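In case you want the letters, here they are:
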Amino acid sequence: MASNSTKSFLADAGYGEQELDANSALMELDKGLRSGKLGEQCEAVVRFPRLFQKYPFPILINSAFLKLADVFRVGMLGSLASIIPERKNAHHSIRQSLDSHDNVEVEAAVFAAANFSAQSKDFAVGICNKISEMIQGLATPVDLKLKLIPILQHMHHDAILASSARQLLQQLVTSYPSTKMVIVSLHTFTLLAASSLVDTPKQIQLLLQYLKNDPRKAVKRLTIQDLKLLAGKTPHTWSRENIQALCECALQTPYDSLKLGMLSVLSTLSGTIAIKHYFSTVPGNVSSPPRSSDLVKLAQECCYHNNRGIAAHGVRVLTNITVSCQEKDLLALEQDAVFGLESLLVLCSQDGNPGAQATLKIALNCMVKLAKGRPHLSQSVVETLLTQLHSAQDAARILMCHCLAAIAMQLPVLGDGMLGDLMELYKVIGRSATDKQQELLVSLATVIFVASQKALSVESKAVIKQQLESVSNGWTVYRIARQASRMGNHDMAKELYQSLLTQVASEHFYFWLNSLKEFSHAEQCLTGLQEENYSSALSCIAESLKFYHKGIASLTAASTPLNPLSFQCEFVKLRIDLLQAFSQLICTCNSLKTSPPPAIATTIAMTLGNDLQRCGRISNQMKQSMEEFRSLASRYGDLYQASFDADSATLRNVELQQQSCLLISHAIEALILDPESASFQEYGSAGTAHADSEYERRMMSVYNHVLEEVESLNRKYTPVSYMHTACLCNAIIALLKVPLSFQRYFFQKLQSTSIKLALSPSPRNPAEPIAVQNNQQLALKVEGVVQHGSKPGLFRKIQSVCLNVSSTLQSKSGQDYKIPIDNMTNEMEQRVEPHNDYFSTQFLLNFAILGTHNITVESSVKDANGIVWKTGPRTTIFVKSLEDPYSQQIRLQQQQAQQPLQQQQQRNAYTRF
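This is a predicted model, so every value here is computed, not measured. (Residues numbered from 1 in each chain as written. Predicted model: local features only at pLDDT ≥ 70, side-chain atom pairs only at ≥ 80, totals over all residues. Heavy atoms only, no water.)

On a plain count of helices and strands, the protein chain comes out with 37 helices and 9 strands. Counting across all 913 residues of the protein chain, residues that qualify as buried make up 48%. Counting contacts in the protein chain only where the partners sit at least 6 residues apart, residues at least 24 apart contribute 72% of the total. When the accessible surface of the protein chain is summed, it comes to about 44,900 Å², and 52% of that surface belongs to carbon and sulfur atoms. (Helix = DSSP H or I, 4+ residues; strand = E, 2+ residues; numbered from the N terminus. Buried < 20%, exposed > 50% of the residue type's maximum accessible area, 1.4 Å probe, protein only. Contact = heavy atoms within 4.5 Å. Areas by Shrake-Rupley, 256 points an atom, 1.4 Å probe, with all protein chains shown as cover.)

Shown next, in the form of structure tokens:
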């Protein structure tokens, strides 16, 4: 009989011939879950996905989850803690399950208690005493105590709760000296201190005490791990005595593994404010010189250690000390840091295993930091890299090229010196088509583009093209062309894009490459600009616009519904409009010569009371031009706000284009339209900011030069003179002579974030309106889901979503009756914080005016820094406001009552007639 029931259960679950409805199938699966045999229970569990696929109804799925939760008891509740953190019946169930005699249920309750304590302050406060009693109880097994102790790390919701948890942990560490208990208690202690930020210095001292006095290596390893955690999260809480104690332990330990761990903690601290505290002189105390300090002594001993990891951390400590403590005379430390880096570079660049590559990355990062912090050491660092580049492995060469590019970006003066060695190396590499060789071709070409600063020489282009023709594939050529576009080498980029046009199979790819070729050609046309030659400037801009228009047509053809290329299209359209505005301004400046003001211009100016009118029509043209540049700046600002997923370099590029528009607008106002009230203070700090790229550095230089010229001419000559127009034209030419940089986001989207909105009520057909009576309010529910790509939150994360709801009257229906109106329009805004990427809110909308209304819901996001981004989307629905039946009935009765009176009045009029 039992076998028959089992067979029918399996068949009814969806694997036999018999077909059941949803409820019957769920009942049969429930029988399997309640079976006394473990095998039947497991089989019932694995049948549930098939049931959900066959009957995807919400009621059935909810019932099935309740039955599964009953089987798994409180273990399922633990997984739901982030969804139902304040559900009181769940809290009660967990407390009851902790007293169960079933070991499985108790373990599940411990798991759920940990998850709920992390999410809910009320639960943590209520469960803390219960957990403490169980941990201290003699009847509680040791294994269960080891599972209960980590719950205390979540008692950080307020200071009182954290203090009580800390006292309990202090007792445990003292009362239970076994290795497992000490390790679990200390680690929980550290996590509690890191989360609550209470008594963190005491925790550091406690860990250092165990590191120094406890002979067990397992405990020492745990303390090192926790010290590194606190060094990363709270470096400002480390005192000089703490660092000194850690240095003494590292100097005394005979074990390389422990020394490596301690040095990793010190290298983390050396890159923070803690290193300043360590070398600072306390008033009243005589500080030992840094040369004789234990930290420096330890770092110098470890720089040439036979263990690569120890040597890498020693060099990092020396580098951070050299860079951070610039007020001290650290000539000897500088030499030690450079020699240590050179030895690590020679050792790791010829070793291809992953450990050597990781160590090499540390050394190269230190080289970049040293070259930036101590520029006088950069020449020797670059020479060392170029020398070692010839004999290094391909994997190491790639990393070294990245390092050289970073140094050349920070210190452009070093670029010319390294260009010759780089070209010699480019001739001899690339003998095979392996992945490493292809990557090396791209990396080395990038360094060459950075080092050349301006246009590549003919010899350099010939060498690069020859290598690419011999061993490279199409993807490598595209990546090099992309780097050339980013670095402003548009002539090289145009030739490479041209060579790729016949190597793609998709027409969308063809149009994409063709658009890039046209854009590069357009920017190449601007390289022929010359100062004081304004007619040539107009010709160059016109030629550039011709290729830009061709490119935007190809770019539009390359877009697809899944990849609309919205940023690229808007960026290029703005560039086209900017070039046209530049051209129009040059023509306006030339009109002072071709169309001078009439003889009566002075009389007209006196009559109108506007002194600027004596200059003729150029004054109105200048005003229009200024407004055009301000409009362009506003559009660049909108593009910036819409680019939530862009990297910082791309955003900075957009910002520079916006500043160019504002600069020209300010120059027109300061020179011509309103010289008296022009202010230069808000623009004076434009060049003081640190430039992260050569393009930004050159643009900043142009800004400063233009501002100096405008300020020198301001109020010096009466507007409008040839000096003023020449200054404006020269400013335009100076801006256009800096080659435009197409940044990463133009080619590559590393972060992808989108919001999907759902409105309810919603019509079946989007064109149909939703019917609402005019005396009622519409409750509009807005739900949304935040969708991410493969790297969510790479550049910035969503803190909250801002929903803006507005309505406009499209058309009135019927006669315009007098209806009491409290609010004729709807304009509302709410901010909601997504929970597990889901958010929901409601709006009450009033439609007192009869007719069809258009409701628009637009979303924007706010990141962790408080910056608002206009990400969209924008959703629209229609609502038809109908007159309520009661008002309609009264109105009709009034009309019927008025009709006999009107008829009587008409008859009386006829009688009199």
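Sheet architecture is open: 3 strands sit in the order β1-β3-β6, paired in antiparallel fashion. What marks the edges here is a single partner per strand, and that holds for β1 (753–760) and β6 (838–846). Taken over all neighbouring pairs, the strand axes of this sheet differ in orientation by 25 degrees on average, direction set aside. Bridge count between strand β3 (residues 777–788) and β6: 9 bridges; the pairing is antiparallel. Paired with Val785 across the two strands is Tyr838, which belongs to β6. (Pairing = 2+ DSSP bridges. Axes fitted to C-alpha atoms, helices over the stretch in contact; angles between N-to-C directions.)

Another aspect to go through is empty space enclosed by the protein. All told, the structure shown has 3 cavities of 30 Å³ or more when counted by the stated rule. Its boundaries defined by the atoms lining it, the largest cavity holds a volume of some 70 Å³. Taken together, Arg575, Leu578, Phe582, Gln657, Ser660, Tyr695, Met699, Leu735, Leu736, Val738 and Leu740 make up the full set of residues lining the largest cavity. Within the residue set of the lining of the largest cavity, elements represented by two or more residues are α30 (566–594), α33 (648–673), α34 (694–713) and α35 (722–737). Of the residues forming the lining of the largest cavity, the biggest block, 3 residues, is contributed by α30. Tallied by class, the residues present in the lining of the largest cavity amount to 8 nonpolar, 2 polar and 1 charged. Put simply, the parts of the chain that give the lining of the second largest cavity at least two residues each are α30 and α33. The leading source of residues in the lining of the second largest cavity is α33, at 3 residues. Among the residues making up the lining of the second largest cavity, the classes are represented as 5 nonpolar, 4 polar and no charged. (1 Å grid on protein atoms, 1.4 Å probe; cavity = no way out; pocket = protein on both sides within 12 Å on 5 of 7 lines; lining within 4 Å. Points joined across faces, edges and corners; volume = space filled by probe spheres on them. Nonpolar A, V, L, I, M, F, W, Y, C, P; charged D, E, K, R; others polar.)

Turning our eyes to something else, we now look at unusual backbone geometry. Residue Pro761 follows Ser760 across a cis peptide bond; omega there is 5 degrees. Looking at where Pro761 falls in the secondary structure, it is placed in the loop between β1 and β2 (770–773). Cis rather than trans, the peptide bond between Gly872 and Pro873 has omega equal to 5 degrees. By the secondary structure assignment, Pro873 is in the loop between β8 (868–869) and β9 (874–882). Of note, the phi angle at Asp837 is positive, near 65 degrees, even though the residue is not glycine. In this fold, Asp837 is placed in the loop between β5 (826–832) and β6.

Let us look at the pattern of salt bridges. If you walk through the whole model with that rule in mind, you get 27 salt bridges. Across the pair Asp577 and Arg635 runs a salt bridge, and its minimum N-O distance is 2.8 Å. Remark: Arg635 occurs in helix α32 (residues 618–642) and Asp577 occurs in helix α30; sequence separation between them is 58 residues. The structure contains a network of salt bridges with shared partners spanning Lys461, Lys465, Asp491 and Glu495. (Salt bridge = Lys/Arg side-chain N within 4 Å of Asp/Glu carboxyl O.)

Our next topic: the packing of aromatic side chains. For the structure on display, the rule yields 18 aromatic pairs. On the numbers, 5.1 Å between centres and 90 degrees between planes, the contact of Tyr278 with Phe279 is edge-to-face. The class of Tyr278 is buried, set by a relative accessible area of 1%. A relative accessible area of 6% means that Phe279 is categorised as buried. Pairing Phe644 with Trp869 gives two aromatic rings, centres 5.8 Å apart and planes at 80 degrees, and the pair type is edge-to-face. With Phe644 in the loop between α32 and α33 and Trp869 in strand β8, this residue pair connects regions lying 225 residues apart in the sequence. Under the relative-accessibility criterion, Phe644 is labelled buried at 3%. (Phe/Tyr/Trp six-rings, centres within 6.5 Å; stacked < 30°, edge-to-face > 60°.)

Bringing the environment of Ser800 into the picture now. Note on placement: Ser800 falls in strand β4 (residues 798–812). On the accessibility criterion, Ser800 (8% relative accessible area) is buried. Between the C-alpha atom of Ser800 and that of Pro834, which follows or precedes it by 34 residues, the distance is 6.4 Å. Those residues within four positions of Ser800 in sequence are excluded, and the remaining contacts are Arg831, Val832, Glu833, Pro834, Ser860, Val861 and Lys862.

Once that is clear, we can look at the pairing of β1. Side chains Thr753, Ile755, Leu757 and Leu759 of β1 all project onto a buried face; the interleaved residues Ser754, Lys756, Ala758 and Ser760 project onto a face where none is buried. Note: β1 against β3, 8 bridges, orientation antiparallel. The residue of β3 that forms the bridge with Leu757 is Gly784.

Here we take up the side chain of Ser324. Relative to the helices and strands, Ser324 resides in helix α18 (residues 308–324). Here the side chain of Ser324 touches Asn320 through a polar contact of 2.8 Å, landing on its backbone oxygen. Contacts of Ser324, omitting those with residues within four sequence positions, involve Ser270, Ile275 and Lys276. (Polar contact = N/O pair within 3.5 Å; in protein donor to acceptor, adjacent residues only side chain to side chain.)

Another point: the packing of helix α28 (residues 507–525) against helix α29 (residues 534–558). Between α28 and α29, the shortest axis-to-axis distance is 8 Å and the interhelical angle comes to 165 degrees. It follows from the interaxial angle that α28 and α29 lie roughly antiparallel. Here α28 runs over α29; the crossing is left-handed. Counting all contacts with α28, which are made through His508, Phe511, Trp512, Asn514, Ser515, Glu518, Phe519, His521, Ala522, Glu523 and Cys525, the residues of α29 involved are Cys540, Glu543, Ser544, Phe547, Tyr548, Lys550, Gly551, Ile552, Ser554, Leu555, Ala557 and Ala558. Residue classes in the contact of α28 with α29 are distributed as 12 nonpolar, 7 polar and 4 charged. (Parallel < 35°, antiparallel > 145°, perpendicular 65-115°, else oblique. Left-handed = near helix turned anticlockwise from the far one by under 90°.)

Glancing now at the confidence of the model for the protein chain. For the protein chain, per-residue confidence averages 85 on the pLDDT scale, and residues scoring 70 or more make up 88% of the total. By mean pLDDT, the top-scoring element of the protein chain is α28 (96), and the lowest-scoring one is helix α1 (residues 2–15) (39). In the predicted structure, residues 284–292 sits below a pLDDT of 50 and forms 13 contacts with residues beyond four places in sequence or in another chain. In this model residues 684–688 is a low-confidence stretch, pLDDT under 50, and it forms 4 contacts with partners more than four residues away in sequence or in other chains. (pLDDT = per-residue confidence, 0-100.)

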